[in-house]
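Observations on the three-dimensional arrangement
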Amino acid sequence: MAWSIADVARMSGVTSRTLRHYDEIGLLPPAWIGSNGHRYYEEADLLRLQQILLMRELDLGLREIQAVLDSQVDQVAVLREHHQRLLREQGRLETLVRTVGRTIAELEAGEEENGMAKINRPENLFEGFEQSRPEVEAEARERWPQAWEQSRQAAEAMTAEDMELWQREVTAQMIRLAEFMVAGTPVTDPAVQAEMDAHYRGVCRFWTPDAAAYKGLGQHYVDTPEFRANYDKIADGLALYQRDAMVVYADARLS
């Protein structure tokens, strides 16, 4: 039995354009091409696509994936690694369910008379939220390759306790910044800029951006849905507010 490229795209969620790209680079050629020029895939090809997607979940690049698939590397070991990652993800999602339920209860309890919910203050506001996705990391790696490598090495050197403390510090800082925004404090205000100085020093624990890179990082928070959603869960527009504050800081302190 064979499936057309449209069938495979529908079943797998991988776009036809991506499947054609996989064919062009030799990662996933179709079983055969019809007289109409359409690509057709057989069961073995679907299994190979599944393995590609599994290894993409492990954040392997396409060249690395092709090397694994075209070699005698133990693919069962790769799948076991993916299985362990899924188990960790399952635990994260269970934590996230508890976090969202707790936040809903707190927002309902703290709703003001005008219908606006107060900014939430729990230190574990983001407990269970995924901090980064493979495609976000890939974009950062492409935009700032040296910084990404420095950040990766610094993060790997942190203990679980260090990472948890850092995440709590970041969350607390975001909440303080949201309070300035809600109060209508200009981003040029010294208190806001003091928060940006703390933010910049926090970033420097992983890599040291210059003025342009720091501005780019602020725009990255706005443009990347995962980052922007995390900010906006505290207060709508927070990502934009921080970006503007980072621009002011970069111009004043880093230029």
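In this report, the structure presented in the accompanying data block is examined. One numbering rule holds for all chains: residues counted from 1, following each sequence as written. For a predicted model such as this one, the threshold for reporting local features is a pLDDT of at least 70, and the threshold for listing and counting side-chain atom pairs is 80 or more; totals across whole chains, interfaces and linings nevertheless cover every residue. The side-chain numbers reported here are obtained from all heavy atoms of the structure, hydrogens and water having been left aside.

Let's shift gears to the overall build of the protein chain. A tally of helices and strands in the protein chain yields 12 helices and 3 strands. Remark: exposure states derive from per-residue accessible area (1.4 Å probe, protein chains only) relative to the maximum for the residue type, with buried under 20%, exposed over 50%, and partly exposed in between. Within the protein chain, the proportion of its 255 residues that are buried is 36%. Considering only contacts within the protein chain whose residues lie at least 6 apart along the sequence, 63% involve residues at least 24 apart. Accessible surface area values rest on a Shrake-Rupley calculation with a 1.4 Å probe, where residue burial reflects the displayed protein chains alone. Here the protein chain has roughly 15200 Å² of accessible surface; of this, 53% comes from carbon and sulfur atoms. A helix here means a DSSP run of H or I that spans at least four residues, while a strand means a run of E at least two residues long, and both kinds are numbered starting from the N terminus. Contacts are assigned to residue pairs with any non-hydrogen atoms lying within 4.5 Å of each other.

Turning next to the packing of helix α11 (residues 225-232) against helix α12 (residues 238-254). With their axes 7 Å apart at the nearest point, α11 and α12 run at an angle of 105° to one another. As summarised for this structure, α11 and α12 are arranged roughly perpendicular, according to the angle between their axes. Together, Arg-228, Tyr-231 and Asp-232 of α11 and Leu-238, Ala-239, Leu-240 and Gln-242 of α12 make up the contact between the two elements. Under this scheme, a helix contributes an axis fitted over its contacting stretch, all axes are lines through C-alpha atoms, and angles between N-to-C directions fall in the 0 to 180 degree range. Should an angle fall under 35 degrees it is called roughly parallel, over 145 degrees roughly antiparallel, and 65 to 115 degrees roughly perpendicular, with every other angle called oblique.

The subject of this paragraph is the sheet that holds strand β3 (residues 39-42). Pairing between the strands of a sheet comes from backbone hydrogen bonds, and it takes one of two forms, parallel or antiparallel. We treat two strands as partners when DSSP finds at least two bridges between them. Reading across the sheet, the 3 strands line up as β1-β3-β2 and stay open at both edges, with antiparallel pairing between neighbours. A strand with exactly one partner marks an edge of an open sheet, and here the two such strands are β1 (2-4) and β2 (32-33). One ladder, built from 3 bridges, connects β1 with β3; its direction is antiparallel. When the bridges of β3 are listed, Ala-2 appears paired with Glu-42.

Now for helix α3 (residues 43-57). Each residue after the first adds 1.5 Å to the expected span of a helix. Taking 1.5 Å of rise per residue, 15 residues should cover 21 Å, and α3 covers 21 Å from first to last C-alpha, within 8% of that figure. Within α3 the residues assigned to the buried category are Asp-45, Arg-48, Leu-49, Gln-51, Ile-52, Leu-54 and Met-55.

You can see Leu-49 is positioned in helix α3. Of the residues examined, Leu-49 reaches a relative accessible area of 4% and is grouped as buried. The spacing of Leu-49 and Val-14 is 35 residues in sequence and 9.4 Å in space, taken between C-alpha atoms. The residues contacting Leu-49, other than those within four sequence positions of it, are Val-8, Ser-12, Val-14, Leu-19, Tyr-22 and Leu-28.

Within this document, salt bridges are pairs made up of a side-chain nitrogen of Lys or Arg and a carboxyl oxygen of Asp or Glu, the two lying within 4 Å of each other. In this structure the tally under the stated criterion is 7 salt bridges. Its salt-bridge partner being Arg-243, residue Asp-244 comes within 3.1 Å of it at the nearest N-O pair. Salt bridges here are not isolated pairs; linked through shared partners, they connect Asp-197, Arg-201 and Arg-253.

Taken residue by residue, helix α2 (residues 16-24) has Leu-19, Tyr-22 and Asp-23 as its buried positions. All buried residues of α2 lie within an arc of 100° about the axis, which places them on one face of the element. Seen from the open side of α2, the exposed residues pointing more than 90 degrees away from its buried face are Arg-17 and Glu-24. In this structure, the buried residues of α2 make contact with α1 (5-12), β3, α3 and α4 (62-70). Gly-26 occupies a position one or two residues after α2 and carries a positive phi of about 80°. Comment: arc refers to directions from the helix axis out to C-beta atoms.

Before going further, it helps to examine the nonpolar core. By nonpolar core is meant a set of buried Ala, Val, Leu, Ile, Met, Phe, Trp, Tyr and Cys residues that side-chain atoms within 4.5 Å join together. Ranked by internal contacts, the top residues of the largest apolar core, which has 28 residues, are Met-196, Tyr-214, Leu-217, Ile-234, Leu-238 and Tyr-241. Residue assignment for this core shows that the elements contributing at least two residues are α8 (160-182), α9 (190-203), α10 (211-223) and α12. Element by element, the count of residues in this core is highest for α12, at 7 residues. Apart from the residues within four sequence positions on either side, Tyr-241 is in contact with Leu-177, Phe-180, Met-181, Thr-185, Pro-186, Val-187 and Val-192. With 16 residues, the next largest nonpolar core counts Trp-3, Ala-9, Tyr-22 and Leu-69 among its residues.

With that settled, consider the packing of aromatic side chains. For Phe, Tyr and Trp, rings pair up if their centres lie within 6.5 Å, where Trp contributes its six-membered ring, and each pair is then called stacked (planes under 30 degrees apart), edge-to-face (over 60) or tilted (otherwise). Applying the stated rule across the entire model yields 6 aromatic pairs. Taking the centre distance of 4.6 Å and the plane angle of 15° together, the rings of Trp-32 and Tyr-40 count as stacked. In this structure Trp-32 comes out as partly exposed when scored by relative accessible area, which is 39%. On the basis of an interplanar angle of 40° and a centroid distance of 5.4 Å, the ring pair of Tyr-221 and Tyr-231 is categorised as tilted. Taken together, the residues Tyr-221 in helix α10 and Tyr-231 in helix α11 connect sequence positions 10 residues apart. For the residue pair Tyr-221 and Tyr-231, the accessibility class agrees, reading buried in each case. Counting every residue linked through ring pairs, the aromatic cluster contains Tyr-200, Tyr-214 and Tyr-249.

Okay, the side chain of Gln-242 next. Tracing the sequence through the fold places Gln-242 in helix α12. Once residues within four sequence positions are removed from consideration, Gln-242 is found in contact with Leu-177, Met-196, His-199, Tyr-221 and Tyr-231.

In short, geometric facts, not functional conclusions.
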